[in-house]
Amino acid sequence: MSTRFAQEILRTFHIVPRERSGGLESRSGAGVQPVVTLGGTDAYLKITPASLGPDALAAARRELRFYRDLAPIAPVRAPRLINHVDVADGVALLLADAGGSLAVNTWRERDWAALGHDLAALHSAFGLPTRMWDGPDALGAAMADPDIRTMREFWEPALPQFDHILSGFDRLRGDMCAVPPTFVHGDCHTENVTFDHGSLVLCDWQSSGVGRPSGDLALLSVRATPAGVAVPRALFDAYLEVNTERSAEMHRATLAEELAILLFQWPHYAMYNTPTGNDRIRKRGTDLAAQWTGESAPGGH
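Only a predicted model underlies this, so the values are computations on that prediction, with no experimental measurement involved.

A. The pairing of strand β9 (residues 199-202), seen in detail. Pairing of strand β8 (residues 193-196) with β9, which is carried by four bridges, proceeds in the antiparallel orientation. Its bridge partner being in β9, Thr194 is matched across the sheet by Val201. In this antiparallel pair of consecutive strands, β8 and β9, the connection spans two residues, and His197 shows a positive phi of 55°.

Shown next, in the form of C-alpha cells:
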C-alpha cells in the first residue's frame, strides 16, 4: 500500500489498513488489503494501478461493472461494493468484508454441494447478449497458440496419449463447447469463495462474463488437485439439480475442459507448484485422458 495512488485512495475513502503487511493479490496482480472505515467497519480495498497495464485495468473495470450492474440482481452472494474510484491512475474498489476462505482440504461435502447449487443458479441467470459481456478466455488463447515444447516436456513422460490427444484437437474443443455459453464467474476456485455466517460468497469477478460453464466446474478440480483433493460428486449432482438439461453434454464438456486446462495451461504454472502437486496433476491428467479417449489408464482397471 505504498504507492501514491494507494495512499490517495486511503485518504479518499477515509480508511486505514487493518494490518501492515500480508495483503492478498488477485490473479491480475491487483492488490487486496484488509482495511477499516472511519466508522469502524471492516472492509477490503482492491487496487489495480495503471502501471499493471491495460489488460489488468480492463479486468478491474469488468469487475466494477459486475458489482455495480449485476451483483444486486445476481442469484449468488458477492461482496457488497461500498465505494469505488475509476481514474487514469487506476481502479479501486472498497468492498464489504464477506468472511474468510477455507483451505480446500477442509471443505465438507455440503459446502461443495452448496457451491454446485450457486454455480448452477449463476449459469442460469441474466441471459445477456454476448456482445455486452464477453468474458476473457485464457484457455482459448492458449489453445490457439500452444507452446508444444513446454507442454511436451511436462506431459510426455506421463501421458503416452499426448500426441493422440493433440491430433484430436478439434474434437476436444468441440466437446468443451458442447453446452451453450452462459454467464460465468471465470476464475472459480475455493480461494475465491468465502464463508460468511454459513453462506457462500463468490469473490474476485475480474474474469466474469459470457463463457463456457464447464470452465467454472473444471477449474475447481484443477486447483484442488495439487492439494490431493478430489472434488466430490456432490458438487456436480447439486449443479444438475438446478440445471437438469444437457446432463451428458455437461459431463463431457467438463471432462474436456479440465483436460485442456491441464495440457495447455498447467505446464506454464508447474514451476510454482511442488513436485508432489505436479505428480498429482500428472496422475489426474492421465486419468482424464483415459476417460476422454475411452482407453484404460496405464496400470488402471
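B. Region of interest: helix α7 (residues 169-176). Every buried residue of α7 is accounted for by Leu172, Asp175 and Met176. All buried residues of α7 fall inside an arc of 105° around its axis, so they share one side. Here the buried face of α7 lies against α4 (138-144), α8 (213-224), α10 (247-269) and α11 (275-293).

C. Spatial organisation of the packing of α10 against α11. Relative to each other, α10 and α11 sit at 135°, their axes nearing to 10 Å. Accordingly, the angle class assigned to the pair α10 and α11 is oblique. Read as a crossing pair, α10 and α11 show a hand that is left-handed. When α10 is examined against α11, the residues Arg252, Leu255, Ala256, Glu258, Leu259, Leu262 and Trp266 are found in contact with a partner set consisting of Asn278, Ile281, Arg284, Gly285, Leu288, Ala289, Gln291 and Trp292.

D. Looking closely at the packing of aromatic side chains. Scanning all chains against the criterion turns up nine aromatic pairs. Relative to Trp155, the ring of Phe154 has its centre 5.1 Å away and its plane inclined at 75°; by these criteria the two rings are edge-to-face. Looking at Phe154, the relative accessible area reads 7%, which means it is buried. What makes Trp155 buried here is its relative accessible area of 0%. Pairing Phe169 with Phe264 gives two aromatic rings, centres 6.0 Å apart and planes at 75°, and the pair type is edge-to-face.

Conventions and cut-offs
- Residues numbered from 1 in each chain as written.
- Predicted model: local features only at pLDDT ≥ 70, side-chain atom pairs only at ≥ 80, totals over all residues.
- Heavy atoms only, no water.
- Pairing = 2+ DSSP bridges.
- Helix = DSSP H or I, 4+ residues; strand = E, 2+ residues; numbered from the N terminus.
- Buried < 20%, exposed > 50% of the residue type's maximum accessible area, 1.4 Å probe, protein only.
- Arc of directions from axis to C-beta.
- Contact = heavy atoms within 4.5 Å.
- Axes fitted to C-alpha atoms, helices over the stretch in contact; angles between N-to-C directions.
- Parallel < 35°, antiparallel > 145°, perpendicular 65-115°, else oblique.
- Left-handed = near helix turned anticlockwise from the far one by under 90°.
- Phe/Tyr/Trp six-rings, centres within 6.5 Å; stacked < 30°, edge-to-face > 60°.

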